Amino acid sequence: MQFDGQDGVKMLSDFSNATATTFKASTYRIKYVMNTSLIFDTYNYITTLQDPGASVNGGTNANGLQSDIEFEYLRSTPDSVILIGKRYRNYLYLIKASAAEKTSFENGGYLTAMNKLKNYFVAGFPHIVLNQGGTEKKIEMWINNSTKVVDGDYLTPQQSLLSAASGFAFGIDGAYFSNGLVSEGVRFRGIKWKTDTEMVAYDSAGTEYKVGLSPAPLTLLHLAVGAKFRLQANFRTIYPGTSTLGSAIVGQYVNNLHNAYSGFTFVGGALTFTFDIANRRLTVTGWHTQTAGAAIGTGGWNTVYLQLYQGCQRGIYIYACIRTSNTSIGGKRICTEPDGRSW
């Protein structure tokens, strides 16, 4: 942002490639109402986040992404002003740019910096290296460019996955973590380029930590499923690599819901696998719709199926009980073990 002192401000944003290179101008006011406040009067990139049209920002209708356009003053540091939104309580950090950064912003350097960092995460698997009491720990980082969320994963010696997350914003020299990424007792405030090719992370006190780049992920997928991810498969597409049996199952699913005899048109569907690690439960939710363009979970109906599982080794889940549909003997449900035994 560049404030001109005449109630005008122009800004760039990391919302998209276009907003990173095209300045958007609007007006602003400084007003005292119980506290000094910064108010953006007219439409700008911050207002885009609050736009009630979901098609504008990818949020929800009526609420957008729940951004603020009025911010109350909290505190200052020698190079920063920290404010908080009046409605949604989002923080706004105004950090003074150096002369070199200002020139870079004005000459398209912001998009160049964004792409450089994105490419760094594509080239390998970055991780923060901690050395605590002679023990080296690696915090693997993942960034989601769409949601602007950075994750930090630490795999304990017992093979348990500890995951933390924070919002982030691109800077000219790296990225800022808006909430601070807390892992292994350290609150990381961001990452920055130490040299043209070397990156470091830094904490709230300014202490720097080396960032390494691995050719393969440190966190195996089967350890992240349940602790961090849920699995989701979208139909009516059979993706390359699907097994013969899997293709047959998807084909049957599609054909049974999309046929001329029923009079219904099957537009799409999805299966979502959600793991509850604490209770060793797997919930399978099948979503189906005849509504064109419906988002998963809306414009259709869900079928929910619950299973218990014993654990996961090398990505293989052993189910303690596979429930058969409404089958019972003497009021007791029949459960089938993986080896065929029933009880």
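Since we're looking at a predicted model, the values are computed, not measured.

What about helix α4 (residues 109–123)?
When the terminal C-alpha atoms of α4 are compared, their 21 Å separation across 15 residues agrees well with the 21 Å that a helix rising 1.5 Å per residue should span. Residues of α4 that are buried include every one of Gly-109, Tyr-110, Leu-111, Ala-113, Met-114, Leu-117, Tyr-120 and Phe-121, and no others.

So, the packing of aromatic side chains
Applying the stated criterion to the full structure yields nine aromatic pairs. Ring centres of Phe-40 and Phe-71 lie 6.3 Å apart, and the angle between their planes is 85°; this geometry places the pair in the edge-to-face category. In this pair, Phe-40 is assigned in strand β4 (residues 36–40) and Phe-71 in strand β5 (residues 70–77), connecting sequence segments 31 residues apart. Of the two residues, Phe-40 and Phe-71, both sit in the buried class.

Considering the sheet that holds strand β6 (residues 80–85)
As summarised here, the arrangement of the seven strands in space is β1-β2-β3-β4-β5-β6-β7, forming an open sheet in which the pairing is antiparallel. Of all strands in the sheet, those with a lone pairing partner are β1 (2–3) and β7 (91–95), marking the two edges. Two strands pair when backbone bridges link them, and β5 and β6 are joined in this way by six bridges, in the antiparallel orientation. Its bridge partner being in β6, Phe-71 is matched across the sheet by Gly-85.

Quick word on the pattern of salt bridges
Scanning the model with the defined rule gives seven salt bridges in all. The salt bridge involving Glu-184 is made with Lys-137; its shortest N-O contact spans 2.8 Å. With Glu-184 in the loop between β12 (174–183) and β13 (186–193) and Lys-137 in strand β9 (residues 135–144), the pair connects residues that are 47 residues apart, well separated along the chain. Here the residues in one salt-bridge network are Lys-192, Lys-194 and Glu-208, joined through shared partners.

Some thoughts on a nonpolar patch on the surface
Together, Leu-74, Tyr-91, Tyr-93, Ile-95 and Tyr-176 line one region of the surface with nonpolar side chains, adding up to about 450 Å² of accessible area. For the nonpolar patch, the element with the most residues is β7, which contributes three residues. Using a relative accessible area of 40% as the deciding quantity, one classes Ile-95 as partly exposed.

Conventions adopted
Along each chain, the written sequence defines residue order, and numbers are assigned to residues from 1. Selection of residues for local features in this predicted model requires a pLDDT of at least 70, selection of side-chain atom pairs for listing and counting requires 80 or more, and totals for whole chains, interfaces and linings are taken over all residues. The side-chain numbers reported here are obtained from all heavy atoms of the structure, hydrogens and water having been left aside. Only runs of H or I of at least four residues qualify as helices and only runs of E of at least two qualify as strands under DSSP, and these elements are numbered from the N terminus. For a helix, the expected span equals 1.5 Å multiplied by the number of residues minus one. Three labels apply to residues, based on accessible area from a 1.4 Å probe with only protein chains included: buried if under 20% of the type maximum, exposed if over 50%, partly exposed otherwise in between. To pair, rings of Phe, Tyr and Trp, with the six-membered ring standing in for Trp, must have centres within 6.5 Å; the planes then decide the type, stacked if under 30 degrees apart, edge-to-face if over 60, and tilted in the middle. DSSP-based pairing: two strands are paired if at least 2 bridges between them are found. We define a salt bridge as a side-chain nitrogen of Lys or Arg found within 4 Å of a carboxyl oxygen belonging to Asp or Glu. Like-charged residues are merged into a patch within 9 Å and nonpolar side chains (Val, Leu, Ile, Met, Phe, Trp, Tyr) within 5 Å, provided each residue has over 30% relative accessible area and no salt bridge. Computed with the Shrake-Rupley method and a 1.4 Å probe, the accessible areas treat only the protein chains shown as cover for residues.

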